[in-house]
Each structure stands twice: as structure tokens, then as C-alpha cells.
Amino acid sequence: MRGTDEQQGAAFSYVSAEQRIAAEHPLRRIRAMTDEALRELSAEFDGLYAVGGRRSIAPERLLRALVLQVLYSRRSERLLMEEMNYNLLFRWFVGLEMDDEVWDVTVFSKNRERLIAGEVAQKFFTAVLKQARGAGLLSDEHFTVDGTLIAAWASRRSFVEKRDPPQRGTGARGRKLLRDTHESKTDGEARLFRRSQAAESRPSYLGHVITENRNGLVVAASVTQSSTKAEREAALAMLPQVSDGRRRITLGADKGYQEREFLQRLRDWRVVPHVAEYGGKPRPWLGGLRAEERNDPGFETSQKKRKRVEQVFGWIKHVAGLRQTKFRGRKRVQWMFQLAAAALNLRRLQRLLPQAG
């Protein structure tokens, strides 16, 4: 018998969003891990909000919504709010009931600023990483470092001369560089930079990560202003997050990290440099690896594992939408970069944890 196409709206529904989500859906495991990380941050959230006054968006719901935005490549908060209004999966993940009103996009963005000021993304990233470490999924000996270009929310035409440039530049022997004499009217911290002689200079930042070599999970992430030394300086700044300097570890990297002072500082930190070297004519000013480092049994393995860090950058740029950031200012760009790294770790943990169990 053919069914009828009557479309009479039901007055009540007795099926919850929880019942409609498939038991094997990947977001179920991600939601559980996210909630565990958020419970650890509860005390941090208390310090960000006043005791009295009108209630704001719960920071837990706010952060879950931002994780969704990264995982599902929603390009704007406005699009995210629109979809959250009718998408039961999104409502369930964030924690909204069927009858709860979705927030105004301006209110949502304003509340996000409080989390940026409290550096919540870094703390959330650390809480997620703690779960991976507790499950035995992190290597504590072998790591890889690399950096990538993040296009800034500015154009070349926005760069104008500074009103009060410094008397001494940041170049060799005090030579004034473009960064010393010009700045962007749109994003004052963005710099014109190019990764190779064949590329054009673009307003940009540099994103940096250190990954562990067992499962390719991100163990440290940061963003700096673009410069030729930024990758090496960021690597040294992130090292304390992966090692206390008392045990021997290895660090794989590409040729851009072959620099005499950088290699020596790694050795001082008890880090064995597995850095790719330039071939052809020797470059004494760059320094190089020692024979025991070059012949280390793990050197070839470290170089093979370098592709995993490129996979991280590919996901962050194309899925998380950070090929070009929509934030202005290094601190805000770094906040979103670290949140994207945490979301990527959650995505990988969702696949790894059942195997670990």
C-alpha cells in the first residue's frame, strides 16, 4: 500500500538528538575526549568570568562549537551558526537542546575573544595531548620540526611607510629592511615574506609544529612573524615542551634548519640533530652534522618520518581553513593555529585509541 505524503507538523517529539546519532559515529569519541579536556579546564574558565552578572555563552559550548568549525571546514562563524540551527549532529555535539536558541553570530564572536585573551587554545591543546600520553600513543624520544607559511588577512597594497621608523634596522650590521620601514595598515604584525627566490613576497605569518614520530601527533605548535630565522628560533622556543634537556632525543628537520648556531644549541639541549644537509659544494658557514650524527641508525628513519609533518600542515591549511587566516595579529593567529592542532590530534586519537585499547 502506498504511503501518503501528508506534511502535518508534529506538536511534540519524543526522540532526543542523542538517540539520533549513530553509536559508531566518529564524533562520539571526539565529544568524549573533548569533554574530558574541558573538565580539566574548568578552573581556568572560572578565572575568566565574573562571579555575578548576566550569564554568557558557556565556555565549554563555545569551545565545542569552535572545534566543530575546524573539523567540518566551516569558513565563518555566521555559516556555523546557521547550520547549527538545523543540524542535529552539530546541536548534539555542542550541547544544545532541541528547543535552545542558537546564539547571534556577533555574541558568539565577542565571547570567543575572552577565550583568546585567556590563551585557552594552548591549554586545551595540552589537555588533549595529556590524554594521548596517558594512552601511550606518544613517542618521548623521536620528533620532527617544520614550519609553513600562513597568508595574512592583508594585501601587499596595504603596506605603507612607517611614520616613525627605527634609526637602526634589524638587518646585518644594522641595515634597514622592509619590515623596519613599512607596515600593513590592515595587520600591523604581518610581514612581506617569501619562502623561495621564485615566489613572490606575501603578507604572512609562519606556523610551526613539532610532531612525534610514532603516530604523527602534534606535541607543540606556535606562530611567529615571518623571517628567515623564525623557523629555527621557534624550534628552540618549543623544545622545552617536549624535553627537559636531561634525556637524549632526536629531532628531524629539513635543510632550512642547517645552521651552525642552531645545531650547537640542539646538542647543548641533548638533542641529536637529524637535519637534512645541503649537497654539492661545502658551505662551512652553515656548519653541518658530525659523523656520529650523520651515521646514527635513526637518521634515515627520521628523514622518512618528515612527511608526516607535511600532512599536518596540509590538514591545518585545507581542512581547518588556515591557508589564509581571517584573524589579525600574531597572538590571534596563533590561538586559532593551536586550536586547529588540537582538533587534528582529536581526529587522529579517535582512530588510534580503539587500536591502543
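Everything quoted here is computed from the prediction, not taken from an experiment.

Caption draft 1: Representation of the pattern of salt bridges within the structure. Applying the stated criterion across every chain yields a total of 14 salt bridges. When the shortest N-O distance is used, the salt bridge between Glu77 and Arg112 registers 2.2 Å. Here Glu77 is found in helix H5 (residues 77-84), whereas its partner Arg112 is found in helix H7 (residues 105-117), with 35 residues between them in sequence. Take Glu77 and Arg112: they sit in the same class, and that class is buried. Glu277 is the partner of Arg294 in a salt bridge, and the nearest nitrogen-oxygen pair spans 2.7 Å. In this pair, Arg294 sits in helix H12 (residues 291-294) while Glu277 sits in the loop between strand S8 (271-275) and H12, placing the two residues 17 residues apart along the sequence. Given a relative accessible area of 38%, Arg294 falls into the partly exposed group. When salt bridges with common partners are traced through the structure, they connect Glu77, Arg112, Glu113 and Arg332 into a single cluster.

Caption draft 2: The arrangement of the side chain of Arg267 in detail. Counting through the fold element by element, Arg267 comes out in helix H11 (residues 260-268). Ignoring any residue separated from it by four or fewer positions in sequence, one finds Arg267 in contact with Pro273, Gly288, Leu289, Arg290 and Glu293.

Caption draft 3: Spatial organisation of the environment of Phe159. With respect to the element layout, Phe159 can be found in strand S2 (residues 159-161). Phe159 sits 41 residues away from Glu200 along the chain, and the two C-alpha atoms are 15 Å apart. In this view, Phe159 contacts His182, Glu183, Ser184, Ala190, Arg191, Leu192 and Pro203; residues no more than four positions away in its chain are not counted.

Caption draft 4: Representation of the packing of aromatic side chains in the model. Enumeration according to the criterion identifies 4 aromatic pairs in this entry. Aromatic side chains Trp103 and Phe108 sit 6.0 Å apart centroid to centroid with 20° between the ring planes, which places their arrangement in the stacked category. Neither Trp103 nor Phe108 differs from the other in exposure class; each is buried. One residue, Arg31, lies across the ring of Trp92, its end atom 5.5 Å from the ring centre.

Caption draft 5: Seen up close, the pairing of strand S7 (residues 249-253). Within S7, 5 of the 5 residues are buried, leaving the element largely enclosed by the surrounding structure. Every second residue of S7 is oriented toward a common face, with Ile249, Leu251 and Ala253 on one face and Thr250 and Gly252 on the other, all of them buried. Summarising the sheet, strand S1 (residues 142-151) and S7 pair through 3 bridges and their orientation is parallel. The residue of S7 that forms the bridge with Phe143 is Leu251. Alignment of S7 against S8, held across 5 bridges, turns out to be parallel. Note on S8: the bridge partner recorded for Gly252 is His274. In the classification by handedness, the crossover that spans S7, the intervening H11 and the parallel S8 is right-handed.

Caption draft 6: Molecular detail of the environment of Gly287. Structurally, Gly287 can be placed in the loop between S8 and H12. Between the alpha carbons of Gly287 and Ala50 there is a distance of 54 Å; along the sequence they are 237 residues apart. Discounting chain neighbours no more than four positions away, the residues touching Gly287 are Gln258 and Arg260.

Conventions used here
Residues numbered from 1 in each chain as written. Predicted model: local features only at pLDDT ≥ 70, side-chain atom pairs only at ≥ 80, totals over all residues. Heavy atoms only, no water. Salt bridge = Lys/Arg side-chain N within 4 Å of Asp/Glu carboxyl O. Helix = DSSP H or I, 4+ residues; strand = E, 2+ residues; numbered from the N terminus. Buried < 20%, exposed > 50% of the residue type's maximum accessible area, 1.4 Å probe, protein only. Contact = heavy atoms within 4.5 Å. Phe/Tyr/Trp six-rings, centres within 6.5 Å; stacked < 30°, edge-to-face > 60°. Lys NZ or Arg CZ within 6 Å of the ring centre and 35° of its normal. Pairing = 2+ DSSP bridges. Right-handed = clockwise from strand over helix to strand, strands pointing away.

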